[in-house]
Amino acid sequence: MHDIYILGSGAMASLWASYLYPKQTLHFIQRTPSPDGLYRFTIEPQNKEIKGRSLSIQDIDTQIDYLILATKAYDAVDAMNSIKDKLAHNACVLLLQNGLGSQQAIAAGFPSIKLFACSSTEGAYKPNANTLIHAGKGINTIGPMNSVASPADLTGWLPKSHYEWRDDIDFVLWRKFMINCAINPLTVLYNCPNGDLIKHNDYTTHMHHLCEEIDLITKVRFPHINESAFDLAHKTCELTAKNFSSMLQDNRNGNPTEISFMTGYLIEQANTYNIPCPFNEALFNTLSQA
Ligand code: PAF
């Protein structure tokens, strides 16, 4: 049995807790821990109860060897900094953030920590704090974010049945990032479910323009890629036609969005390689001002 700390309270944090429980001892790091010191939720449709300790960062009195960092991308660096004094010098940390940029910033700041990133196609949401709905079965892909992280470091604490290992996680993350850049900001702009982007001609044309720029940047980063952003995004819109993207959900709930870790990071990469991306820049500016 390992002591696994989970920072973040969203659907992905809870989904990983459900994979680990009851084999491992779970510690949920929460801003406001429960008065009884326990956090519990039920995963549906399995109807299984998951429970673990509920504590704040200040309550942690031992060194953490295993951490799952499941905050939003814009909170991830601050969260790592706030917990760094509690981490063993060679701790294993699994990063579950959407988009790109936060994982790279953490890798640059924590060279001795064994850092792993996960890209997931699992579908889950939390209608309330104590219920997790596992809405769609998907795949978790995990790989190393730095040279001290190796697959053997995952043995024992992460269940092999719930992830696939890929040495080239950068590419796996980038492929999902292409899809997110093509879909998420447009669903906010047009305030629509994913499927509408391929139903309305003018939305689809807009997606085409974004994707042409995404492909130019992608070709520089990953010359071997044989898929286009538009084809990937089109397929995703078909498969998730009725879904509201994570960015639209954040926007509708009045929360900050992860646009800086999607379109924002894309623009940074374009600037690094001197590739113009006017459509993505215009979209970023419109949504950042909203
Ligand atoms: O961010 C999301 O909502 C999802 O990753 C995606 C691919 C847009 C599908 O709903």
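A brief look at the structure comes next.

Some points on the packing of helix α4 (residues 169-189) against helix α6 (residues 229-239)
- At a closest axis distance of 9 Å, the pairing of α4 and α6 adopts a crossing angle of 75 degrees. One way to sum up the angle between α4 and α6 is to call them roughly perpendicular. Where α4 approaches α6, its residues Arg 175, Met 178, Ile 179, Ala 182 and Ile 183 are matched on the opposing element by Ala 229, Leu 232, Ala 233, Thr 236 and Cys 237.
- Class assignment for the residues of the contact of α4 with α6 results in 8 nonpolar, 1 polar and 1 charged.

As for the site of the ligand
- Neighbouring residues of the ligand: Lys 176, Ile 179, Asn 180, Ile 183, Asn 184, Asn 194, Thr 236, Ser 245 and Ser 246.
- One of the side-chain nitrogen or oxygen atoms of Asn 194 is found 2.9 Å away from an oxygen atom of the ligand.
- The separation between an oxygen atom of the ligand and a polar side-chain atom of Ser 246 is 2.7 Å.
- Looking at the shell around the ligand, the element that brings in the most residues is α4, giving 5 residues.
- Taken together, the residues that form the shell around the ligand break down as 2 nonpolar, 6 polar and 1 charged.

What to know about the pattern of salt bridges
- One pass over the full model with this rule turns up 8 salt bridges.
- Salt-bridge contacts for Glu 49 lead to Lys 51; the nearest nitrogen and oxygen are separated by 3.9 Å.
- Judged by relative accessible area, which is 37%, Glu 49 ranks as partly exposed.
- Of the residues examined, Lys 51 reaches a relative accessible area of 32% and is grouped as partly exposed.
- Here the residues in one salt-bridge network are Arg 40, Glu 49 and Lys 51, joined through shared partners.

Considering the packing of aromatic side chains
- Counting across every chain of the model gives 11 aromatic pairs.
- Seen from their ring centres, Trp 174 and Phe 222 are 5.7 Å apart, and the 55 degrees between their planes marks the pair as tilted. Here the residue Trp 174 occupies a position in helix α4, and Phe 222 occupies one in the loop between α5 (201-221) and α6, the gap between them amounting to 48 residues.
- Here Trp 174 falls in the buried class, since its relative accessible area comes to 1%.
- With relative accessibility at 8%, the residue Phe 222 sits in the buried group.
- A network of ring pairs unites the aromatic residues Phe 171, Trp 174, Phe 177, Phe 222 and Tyr 265 as a single cluster.
- Positioned over the ring face of Phe 41 is Lys 126, at 5.6 Å from the centre of the ring.

Cut-offs used in this document
Residues numbered from 1 in each chain as written. Predicted model: local features only at pLDDT ≥ 70, side-chain atom pairs only at ≥ 80, totals over all residues. Heavy atoms only, no water. Axes fitted to C-alpha atoms, helices over the stretch in contact; angles between N-to-C directions. Helix = DSSP H or I, 4+ residues; strand = E, 2+ residues; numbered from the N terminus. Parallel < 35°, antiparallel > 145°, perpendicular 65-115°, else oblique. Contact = heavy atoms within 4.5 Å. Nonpolar A, V, L, I, M, F, W, Y, C, P; charged D, E, K, R; others polar. Near = heavy atom within 4 Å. Polar contact = N/O pair within 3.5 Å; in protein donor to acceptor, adjacent residues only side chain to side chain. Salt bridge = Lys/Arg side-chain N within 4 Å of Asp/Glu carboxyl O. Buried < 20%, exposed > 50% of the residue type's maximum accessible area, 1.4 Å probe, protein only. Phe/Tyr/Trp six-rings, centres within 6.5 Å; stacked < 30°, edge-to-face > 60°. Lys NZ or Arg CZ within 6 Å of the ring centre and 35° of its normal.

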